[in-house]
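Below, each chain spelled out in residue letters.
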Amino acid sequence: EQMYKVINPFSGRGEGEPLLAYEFEPDTKSEVLVDLQEYLLTSQIYHSFMDGAASEQSARMTAMENASKNAGEMIESLTLQYNRARQSRITTELIEIISGASALED
């Protein structure tokens with residue numbers, strides 16, 4: 001489940017006014033609050049980009065892990081197939097040799 005943060009502008013008057021106990025250096029608090037809101041927005045965008053990059057790397061790692069596992073299974077299957085064919089060829093040659101030797105004895 002993806003959760004998004006909504007960044008609302010700071011607002012309020014009187015007792016509900018944000019950052020009432022602080023003094024600001026430009027004197028206009030609204031300018032500072034606008035700058036702070038822009039900073040929060042850019043921080044959230046940066047966080048989103050970093051989250052996307054981390055997700056991409058995780059997906060790549062998972063894909064490579066699955067590809068390695070599948071390649072290992074394929075190697076095992078092909079090795080088994082090769083060994084069976086080789087064993088069959090050797091068995092056929094031995095039967096031919098034994099049959100030839102039996103024919104010579106008769």
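Structure: above.
Residues numbered from 1 in each chain as written. Predicted model: local features only at pLDDT ≥ 70, side-chain atom pairs only at ≥ 80, totals over all residues. Heavy atoms only, no water.

## Focus: the overall build of the protein
Okay, so step 1: Secondary structure assignment for the protein yields 1 helix and 0 strands.
Okay, so step 2: Relative to its full complement of 106 residues, the protein shows a buried share of 5%.
Okay, so step 3: About 9,800 Å² of surface is accessible on the protein, with carbon and sulfur atoms providing 58% of the total. (Helix = DSSP H or I, 4+ residues; strand = E, 2+ residues; numbered from the N terminus. Buried < 20%, exposed > 50% of the residue type's maximum accessible area, 1.4 Å probe, protein only. Areas by Shrake-Rupley, 256 points an atom, 1.4 Å probe, with all protein chains shown as cover.)

## With respect to the pattern of salt bridges
Okay, so step 1: Taken as a whole and assessed by the stated rule, the structure comprises 1 salt bridge.
Okay, so step 2: Its salt-bridge partner being Arg-60, residue Glu-56 comes within 2.7 Å of it at the nearest N-O pair. Of the two residues, Glu-56 and Arg-60 both sit in helix H1 (residues 29-105), 4 residues apart, roughly one turn of that helix. (Salt bridge = Lys/Arg side-chain N within 4 Å of Asp/Glu carboxyl O.)

## What about a nonpolar patch on the surface?
Okay, so step 1: A contiguous nonpolar patch, built from Leu-41, Ile-45, Tyr-46, Phe-49 and Met-50 and spanning about 540 Å² of accessible area, is present on the exposed surface.
Okay, so step 2: Within the element layout of this structure, Ile-45 appears in helix H1. (Patch = residues over 30% accessible without salt bridge, like charges linked within 9 Å, V, L, I, M, F, W, Y side chains within 5 Å.)

Scope: geometric values only; no functional claims are made or implied.
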